[in-house]
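# Overview (structure and organization)
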Amino acid sequence: QVQLVESGGGLVQAGGSLRLSCAGSLIGFSIYHMGWYRQAPGKQRELVATVTSPGSTNYADSVKGRFTISRDNAKKTVYLQMNSLKPEDTAVYYCNSVGSSGPTLPWGQGTQVTVSS
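This is a predicted model, so every value here is computed, not measured.

Our next topic: the overall build of the protein. When helices and strands are counted, the protein shows zero helices and ten strands. Moving toward the C terminus, one meets the helices and strands of the protein in the order β-β-β-β-β-β-β-β-β-β. Computed over its C-alpha atoms, the radius of gyration of the protein comes to 13 Å, within 12% of the 13 Å expected for a compact globule of 117 residues. The principal-axis extent of the C-alpha atoms belonging to the protein is close to 40 × 25 × 25 Å. The 117 residues of the protein split such that 41% are buried. Within the protein, counting contacts between residues at least 6 apart in sequence, those at least 24 apart form 55% of the total. For the protein, the accessible area works out to roughly 6000 Å², and carbon and sulfur atoms hold 49% of it. In the protein, 10 positive and 6 negative side-chain charges are present, and the distance between their average locations comes to 4 Å.

Here it is, written out as structure tokens:
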């Protein structure tokens, strides 16, 4: 059964850092382009960072220069290093696949990130 498990969230002061992890239990993990999404209260889920199968990355303007996405295919894990956190980064963070069909894997439970001012 395909499962994505996010971890690493928490409460941090503005300017602080967190590192999120997403472990995927699926065959063929390395061929998926993956991304980190987030959903703040009352807002739609948004895609903030992507990493392709070969490792190319892309970021939403709101996090560019502060967040770094990476992957370890041997561990079937995607990471999101978040630095210089802002209160507006507060959200539940999820990982999932990215592509023309959008996210296609079952959503995990997400991990809560709360940034205090």
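What follows is about the nonpolar core. One broad rule of soluble globular proteins: the nonpolar side chains tend to lie buried together. Within the largest apolar cluster, 28 residues are counted, with the highest numbers of intra-cluster contacts made by Met-34, Trp-36, Ile-69, Val-78, Leu-80, Met-82 and Tyr-93. At the level of secondary structure, the elements contributing two or more residues to this core comprise β3 (18-25), β4 (34-39), β5 (46-51), β7 (67-72), β8 (77-82), β9 (91-97) and β10 (111-116). Residues contacting Leu-80, with those up to four places away along its chain left out, are Leu-18, Arg-19, Leu-20, Trp-36, Ala-49, Phe-67, Thr-68, Ile-69 and Tyr-93.

Time to look at the pattern of salt bridges. Opposite charge on two side chains makes pairing possible when the charged atoms of those side chains draw close. Within the structure shown, the criterion is met by four salt bridges. With a closest N to O distance of 2.9 Å, Arg-38 and Asp-89 form a salt bridge. Of the two residues, Arg-38 sits in strand β4 while Asp-89 sits in the loop between β8 and β9, which places them 51 residues apart along the sequence. When its relative accessible area of 5% is taken as the criterion, Arg-38 is described as buried.

Rules used in this analysis
Position numbers for residues start from 1 in each chain and track the written sequence from start to end. In keeping with the predicted nature of the model, local features appear solely for residues at pLDDT of at least 70, side-chain atom pairs appear and are counted solely at 80 or more, and the whole-chain, interface and lining totals rest on all residues. The side-chain figures draw on all heavy atoms in the structure; neither hydrogens nor water molecules are used. A helix here means a DSSP run of H or I that spans at least four residues, while a strand means a run of E at least two residues long, and both kinds are numbered starting from the N terminus. Put simply, the radius of gyration uses C-alpha atoms, and a globule should come to 2.2 Å times the residue count raised to 0.38. To sort residues, take the accessible area from a 1.4 Å probe on protein chains only and compare it with the maximum for the residue type: under 20% means buried, over 50% means exposed, and anything in between is partly exposed. Contact between two residues is taken to exist if any of their heavy atoms lie within 4.5 Å; hydrogens are not considered. What sets the accessible areas is the Shrake-Rupley method with a 1.4 Å probe; for residues, cover comes only from the shown protein chains. Positive: Lys, Arg. Negative: Asp, Glu. His and the chain ends are not part of the count. Note that the charge is assigned to NZ on lysines, CZ on arginines, CG on aspartates and CD on glutamates. What is meant by a nonpolar core is a set of buried Ala, Val, Leu, Ile, Met, Phe, Trp, Tyr and Cys residues, joined one to another through side-chain atoms within 4.5 Å. Salt bridges are defined by distance alone: a side-chain nitrogen of Lys or Arg within 4 Å of a carboxyl oxygen of Asp or Glu.

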